[in-house]
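Structural characterization, general
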Amino acid sequence: MKALVPALVLSALSFSVLAQDATVSSELLKRGEYLARAGDCVACHTNGKSGVPFAGGSAMETPIGTIYSTNITPDKTTGIGDYSFEDFDNAVRKGVAKNGSTLYPAMPYPSFALVKEEDMRAMYAYFMHGVQPVEHANQDSDIPWPLSMRWPLHIWRSMFAPTPADFAANANADPVIERGRYLVEGLGHCGACHTPRSLTMQEKALSNTEGDDYLSGSNAPIDGWVASSLRGDNKDGLGTWSESELTEFLKTGRNDKSVVFGGMSDVVEHSLQYLSDEDLTAIARYLKTLPPKDGKQQAAPVEDSVAKDLWRGNDSKPGAALYVDNCAACHRTDGVGYKRAFPALKGNPVVQTEDATSLIHIVLVGNTTPAVKGAVSNLTMPPFGWRLNDQQVADVVNFIRSSWGNNAKAISASDVADVRKDRSIIRDEKAMGSFAVPEPVGAK
């Protein structure tokens, strides 16, 4: 029910504004709202504390400081109420604000550059006539001078942001796949998180035609999470997932193999659950066309020696006793979990990524899956950072990454300490207490 409240509020506000402006067709507004959902605009431009849709103020951590999303309601004083379509188009597809300054690339205008003009006009109509204006002043960034100067961004944009051009589908390709490609490369801006970035912070590829770095997984944590590969790799990608399994995951945030977590939870909650089955299928079908980056990867083999040892009460493997005490009740001693509830750890791509930050993160602070259409129950993994010290977390993570056929490199207690000290990952200070490193369980 909690997850439905923002959607109900947003729908009510949209209906209210629509009733006030009959000059714009309801069909155009509905289409614009759908496209705004596909772009997940509400996730970044809504402050989680205030919960006012599109009023801005959401903090985004960057390597050079914190920036805050802007008010994109049609308020004429603090929002975009005085934007012409050209102003709106320039901001979204070119990264140029109304005053001529360049936007920070936290706004994914390199991806939005290929959004069709007709779709841009529908979204413009929606934001101008289907969104309630809210007076909420924009907040200046916390980026220190001289890094706060905007003129270098103009140079960055000219070097790395493509010139806006309407998406052109391949006439010889499957139209379903081409629709998926349009949504993934454009409005969905999946590469913003799932493609590694260069030292100059641009995505290494904006499409599959630019190389197999595209959607091969982030090369640095984003808000304490590492976005996994969406390519066909068998170990740390989607090679072992079927199209139907991927479609179900996009729609509900869960399937028989995994459950959504981290930043992807917001994407499912605010965006993907509202897309049509046809568009979700198109996205999944397109992603399944992406070949693996590492063609030598093998899926986790059938390996049950660890499961048999735990069944017999043999927990001598490092981290095994901690796993039995803290994890096995939900994820089972054979690591296969419970379908659509507690994800399998055996063969899980996130478990086997090169960078174990996501797995460490979720062990420390837990996770709650969103309640969405088709999967209305919140499922919660409790935090264990308050009771397990760094070495214990490392031991249990290493046990998971090396059991049931999983094969990923070991981590150290210092790796856990690095994640633990990142205050941005702590969502519930009260539940985590001081978040200091605890003494080992049972220590005197």
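The name that an unreviewed UniProt entry assigns to the protein chain is Cytochrome c, with the source organism given as Serratia fonticola.

**A word on a nonpolar patch on the surface**
Taken together, Trp151, Ile155 and Met159 make up a surface patch of nonpolar side chains, about 360 Å² in accessible area. Tracing the sequence through the fold places Trp151 in helix 7 (residues 151–160). When its relative accessible area of 55% is taken as the criterion, Trp151 is described as exposed.

**Concerning unusual backbone geometry**
For the bond running from Trp145 to Pro146, omega is 10°, close enough to zero to count as cis. With respect to the helices and strands, the residue Pro146 is situated in the loop between helix 6 (117–129) and helix 7.

**Examining the confidence of the model for the protein chain**
Taken residue by residue, the protein chain gives an average pLDDT of 88. The fraction at 70 or more is 89%. Between residues 1–20, whose pLDDT stays under 50, and residues either more than four places distant or in other chains, the model counts 23 contacts. For residues 428–434, every residue scores under 50 in pLDDT, and the model assigns this stretch 8 contacts once sequence neighbours within four places are set aside.

**Quick look at helix 4 (residues 85–94)**
Among the 10 residues of helix 4, 7 are classified as buried, and the element is accordingly described as predominantly covered. Those residues of helix 4 lying buried are Phe85, Asp87, Phe88, Asp89, Ala91, Val92 and Arg93.

**A look at the packing of helix 16 (residues 357–365) against helix 17 (residues 390–401)**
With their axes 10 Å apart at the nearest point, helix 16 and helix 17 run at an angle of 125° to one another. In this view, helix 16 runs oblique relative to helix 17, as classed from their interaxial angle. Pair helix 16 / helix 17 crosses with right-handed handedness. Of the residues in helix 17, those touching helix 16 at Leu359, Ile360, Val363 and Leu364 are Val393, Val397, Ile400 and Arg401.

**With respect to the pattern of salt bridges**
Enumeration according to the criterion identifies 22 salt bridges in this entry. The closest approach of N and O atoms between Glu117 and Arg121, which form a salt bridge, is 3.0 Å. Taken together, the positions of Glu117 and Arg121, both in helix 6 and 4 residues apart, correspond to about one turn of that helix. Since its relative accessible area comes to 32%, Glu117 is described here as partly exposed. Between Asp277 and Lys251 there is a salt bridge, with its nearest N and O atoms 3.0 Å apart. Of the two residues, Asp277 sits in helix 12 (residues 277–287) while Lys251 sits in helix 10 (residues 243–252), which places them 26 residues apart along the sequence.

Conventions we followed
- Residues numbered from 1 in each chain as written.
- Predicted model: local features only at pLDDT ≥ 70, side-chain atom pairs only at ≥ 80, totals over all residues.
- Heavy atoms only, no water.
- Patch = residues over 30% accessible without salt bridge, like charges linked within 9 Å, V, L, I, M, F, W, Y side chains within 5 Å.
- Areas by Shrake-Rupley, 256 points an atom, 1.4 Å probe, with all protein chains shown as cover.
- Salt bridge = Lys/Arg side-chain N within 4 Å of Asp/Glu carboxyl O.
- Helix = DSSP H or I, 4+ residues; strand = E, 2+ residues; numbered from the N terminus.
- Buried < 20%, exposed > 50% of the residue type's maximum accessible area, 1.4 Å probe, protein only.
- pLDDT = per-residue confidence, 0-100.
- Contact = heavy atoms within 4.5 Å.
- Axes fitted to C-alpha atoms, helices over the stretch in contact; angles between N-to-C directions.
- Parallel < 35°, antiparallel > 145°, perpendicular 65-115°, else oblique.
- Left-handed = near helix turned anticlockwise from the far one by under 90°.

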